[in-house]
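What the coordinates show
Residue-level listing of the chains:
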Amino acid sequence: MIDLLSLCAFNAAYAQAIDSDKLEEWPAFFTEDCHYRITNVDNEREGLPAGIVFADSRAMLEDRIAALREANIYERHRYRHLLSVPMLESADDTVTVARTTFMVARIMHTGETMLYATGEYRDRFVRAGGKLLLAERMAVCDSTVIDTLLALPL
């Protein structure tokens with residue numbers, strides 16, 4: 001069974017990879033055939049499947065990071081995640097479903113810091129090859145207003 005401490009450690013490592021600009025490590029937190037989506041609470045409530053960001057494989061996540069590094073032009077910034085303890089919804093020997101609330105601050109290259117996003121991760125974790133991985137992560141943002149500078153993953 002996947003325990004709460006393992007989920008906390010996983011989420012801490014996930015956030016650290018993003019917050020410390022080790023974005024090339026980020027896709028490795030997911031299964032090969034994963035789903036990653038960023039949406040907002042209104043779209044989720046209405047059952048609208050389109051997200052602000054959508055990927056349905058680790059390869060798509062890797063492509064997103066490659067594009068960030070090589071092709072996209074955006075103002076340099078970084079994130080700092082604050083995460084709650086996950087709330088377990090269901091768990092068995094192979095799959096755990098959990099929700100974790102998040103707050104993400106965005107720090108611009110000028111030093112200006114602002115609260116960028118709040119919401120919750122809705123996750124499905126699996127253990128594959130003895131390793132904990134995300135089969136699905138949906139970041140459901142509380143606000144329907146998303147800055148056009150959504151470049152880095154949440």
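To start, this report covers the structure provided alongside it. Predicted model, so just to flag it, every value in this text is computed and none were measured.

1. Digging into the packing of aromatic side chains
- Overall, the coordinates contain 10 aromatic pairs when judged by the stated rule.
- Taking 5.2 Å as the distance between ring centres and 90° as the angle between the ring planes, the aromatic pair formed by Phe 10 and Phe 125 counts as edge-to-face. You can see Phe 10 sitting in helix H1 (residues 4–19) and its partner Phe 125 sitting in strand E6 (residues 113–128), a full 115 residues away along the chain.
- For Phe 125, a relative accessible area of 1% gives the class buried.

2. A look at helix H3 (residues 58–70)
- For H3, spanning 13 residues, the distance from its first C-alpha to its last is 18 Å, which sits close to the expected 18 Å at 1.5 Å a residue.
- Along H3, the residues that are buried comprise Arg 58, Leu 61, Ile 65 and Leu 68. End-on view of H3: buried residues confined to an arc of 80°, all on one side of the axis. Those residues of H3 that are exposed and angled more than 90 degrees off the buried face are Asp 63 and Glu 70.
- As for H3, its buried residues are in contact with strand E1 (30–40), strand E2 (53–55) and strand E7 (131–141).

3. Regarding the nonpolar core
- Counting 34 residues, the largest nonpolar core has Tyr 14, Phe 30, Tyr 36 and Leu 154 as its most contacted members.
- Of all elements in the fold, only H1, E1, E2, H3, strand E5 (95–108), E6 and E7 reach the threshold of two or more residues within this core.
- Counting residues per element, this core draws most heavily on H1, which supplies 5 residues.

4. Considerations on the pairing of E6
- Inspection of the sheet shows E5 paired to E6 by 13 bridges, in the antiparallel sense. Residue pairing for E6: Phe 102 is matched across the bridge by Gly 119.
- Counting the residues in the hairpin turn of E5 and E6 gives 4 residues, including Gly 111, whose phi is positive at 100°.
- With 10 bridges connecting them, E6 and E7 associate as antiparallel partners.

5. Comments concerning the pairing of E1
- The buried fraction of E1 amounts to 8 of the 11 residues, a majority that puts the element mostly inside the structure.
- Direction of pairing for E1 relative to E7: parallel, over a ladder of 7 bridges. Looking at E7, one finds that His 35 is bridged to Glu 136.
- Direction of pairing for E1 relative to E2: antiparallel, over a ladder of 3 bridges. What sits directly across from Tyr 36, in E2, is Ala 55.

6. Points about the side chain of Glu 120
- Relative to the elements of secondary structure, Glu 120 occurs in strand E6.
- In this structure the side chain of Glu 120 is engaged in a polar contact, spanning 2.6 Å, whose partner is the side chain of Arg 99.
- Glu 120 has contacts with Arg 99, Thr 100, Thr 101, Phe 102, Met 138, Ala 139 and Val 140, leaving out every residue within four places of it along the chain.

What counts and what doesn't
- Residues numbered from 1 in each chain as written.
- Predicted model: local features only at pLDDT ≥ 70, side-chain atom pairs only at ≥ 80, totals over all residues.
- Heavy atoms only, no water.
- Phe/Tyr/Trp six-rings, centres within 6.5 Å; stacked < 30°, edge-to-face > 60°.
- Helix = DSSP H or I, 4+ residues; strand = E, 2+ residues; numbered from the N terminus.
- Buried < 20%, exposed > 50% of the residue type's maximum accessible area, 1.4 Å probe, protein only.
- Expected span 1.5 Å × (residues − 1).
- Arc of directions from axis to C-beta.
- Contact = heavy atoms within 4.5 Å.
- Core = buried A, V, L, I, M, F, W, Y, C linked by side-chain atoms within 4.5 Å.
- Pairing = 2+ DSSP bridges.
- Polar contact = N/O pair within 3.5 Å; in protein donor to acceptor, adjacent residues only side chain to side chain.

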